[in-house]
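Inside the fold
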Amino acid sequence: MRQACPVPDSRSHEAHLHAATLRRLEKSSGRLAADAIARMDETLPWYRAMPPENRSWIGLVAQAGIAAFTEWFRHPDAPQAISTDVFGTAPRELTRAITLRQTVELVRTTIEVMETAIDEVAAPGDEGALREALLVYAREIAFATAQVYAQAAEARGAWDARLESLVVNAILSGEADEGALSRAAALGWSTPEHVAVVLGTAPDGDSELTVEAIRRAARHAKLQVLTGVLGERLVVVVGGSSDPLRAAKTLIGPFAAGPVVAGPVVGDLLAATRSAHAAAAGLKACAAWPDAPRPVLADDLLPERAMAGDTAARAQLVEEIYRPLEEAGSALLETLSVYLEQASSLEGAARMLFVHPNTVRYRLRRVTDVTGWSPSEVRSAFTLRIALILGRLSDVGAQF
């Protein structure tokens, strides 16, 4: 009786081809890495322009990528930490030296070199399996690349947020120094000529979302900002606008309900402490002016700030209103005082001063020219009255 010939096991045959391809792949890995580096040098201008140290690290990444593929081809079903195998060979600083786009070009070049070598590396009959494995590996390495850069971006974002918080806190606390300038420069602050601080209440919820909303609004308005949530306050240091009220209106969206106060414009980041103090004092005093506009300038709150104990506001009212009027002659001070006492009546002031109403009208125009505040407007009249009171107190040496 004839004995049947054994039928070859297809799985055994595939395993034999797989093992042969694996041996050839291992032997060719060094040459493939060298070919990949040569292709990069030939086709990628940014690679040729890099310093030797970074090029050597990229070479190690290419070698690690081919070695990781070899190991993955050996055990395709085993879980592989591709990002660790490939990118773990290079220092973290490399993600700052080359961009995500450049890394994609690096990976693409290496994969292309491996693809062109498939017919040479694969055992006869195993070319399709090796090509399919390389396609799957290319997908995995793409995901790994995205993960590495996402993690690096997340780490940089967390570090930048801490750095920005330090700068904002230094400005608000009056401790801004050259160190704060250096930290701001590291965050991209380019020393604009006009700087102001805007303060308000931070909304409930994720502070990172609030900060990002401020940044989006600033980018749209072409403004520079340093921002942060400190306690219940949302603090925004604005650069690039000579009109703090307009800048505050542009950025007001992310603020919670309640007053928003813009400090005066100053010349640089170190001087921003003065703007921050004025805004903080204005925010504190806003309760005394329920109908204040939103946002409002800190200088528009000078009377309330002075009455709330802000010595800077008291000094500003005296120096910017009372002293100029005093220097312009006693007639202006007397006329303004009488006009305010007579409930802003031109005729009543004229009778008290024994002059024609047109003379009172002329002197009041001069008061506006000298101080920038119009006695005929209710809000300005209130500010002028407080300035007169504080100026007289300072003349008699009262402590305030």
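Residues numbered from 1 in each chain as written. Predicted model: local features only at pLDDT ≥ 70, side-chain atom pairs only at ≥ 80, totals over all residues. Heavy atoms only, no water.

Re the overall build of the protein
A count of helical and extended segments in the protein gives 18 helices and five strands. Here the protein holds 400 residues, and 44% of them are scored as buried. Across the protein, the fraction of contacts at a sequence separation of at least 24, relative to all contacts at a separation of at least 6, is 68%. About 21,400 Å² of surface is accessible on the protein, with carbon and sulfur atoms providing 53% of the total. (Helix = DSSP H or I, 4+ residues; strand = E, 2+ residues; numbered from the N terminus. Buried < 20%, exposed > 50% of the residue type's maximum accessible area, 1.4 Å probe, protein only. Contact = heavy atoms within 4.5 Å. Areas by Shrake-Rupley, 256 points an atom, 1.4 Å probe, with all protein chains shown as cover.)

Quick look at the pattern of salt bridges
Enumeration according to the criterion identifies 13 salt bridges in this entry. Glu 112 serves as the salt-bridge partner of Arg 39, at 3.8 Å between the closest nitrogen and oxygen. Here Glu 112 lies in helix α6 (residues 100-116) and Arg 39 lies in helix α1 (residues 10-43), a separation of 73 residues in the sequence. A salt bridge links Glu 341 to Arg 385, with the shortest nitrogen-to-oxygen separation between them at 3.6 Å. (Salt bridge = Lys/Arg side-chain N within 4 Å of Asp/Glu carboxyl O.)

Looking at the confidence of the model for the protein
Confidence in the prediction of the protein, expressed as mean pLDDT, is 84, and 86% of residues score 70 or more. Segment residues 1-5 is flagged for pLDDT under 50; beyond a separation of four residues in sequence, or across chains, it makes zero contacts in the model. (pLDDT = per-residue confidence, 0-100.)

A word on unusual backbone geometry
Note on backbone geometry: most residues besides glycine have negative phi, and most peptide bonds are trans. Across the junction of Arg 294 and Pro 295, the peptide omega takes the value 0 degrees, indicating a cis bond. Relative to the helices and strands, Pro 295 resides in the loop between α12 (272-285) and β5 (296-297). Although it is not a glycine, Ser 344 adopts a positive phi angle of roughly 60 degrees. Tracing the sequence through the fold places Ser 344 in the loop between α15 (330-341) and α16 (346-353). On the basis of relative accessibility, which here comes to 34%, the residue Ser 344 falls in the partly exposed class. Residue Phe 354 is not a glycine yet carries a positive backbone phi of 60 degrees. Here Phe 354 shows up in the loop between α16 and α17 (357-371).

Notes on the side chain of Thr 335
Summarising the element assignment, Thr 335 is placed in helix α15. Thr 335 sits in the buried class, given a relative accessible area of 1%. Only 2.7 Å separates the side chain of Thr 335 from the backbone oxygen of Ala 331, close enough to count as a polar contact. Contact partners of Thr 335, with chain neighbours within four places excluded, come to Leu 353, Val 360, Arg 363 and Leu 364. (Polar contact = N/O pair within 3.5 Å; in protein donor to acceptor, adjacent residues only side chain to side chain.)

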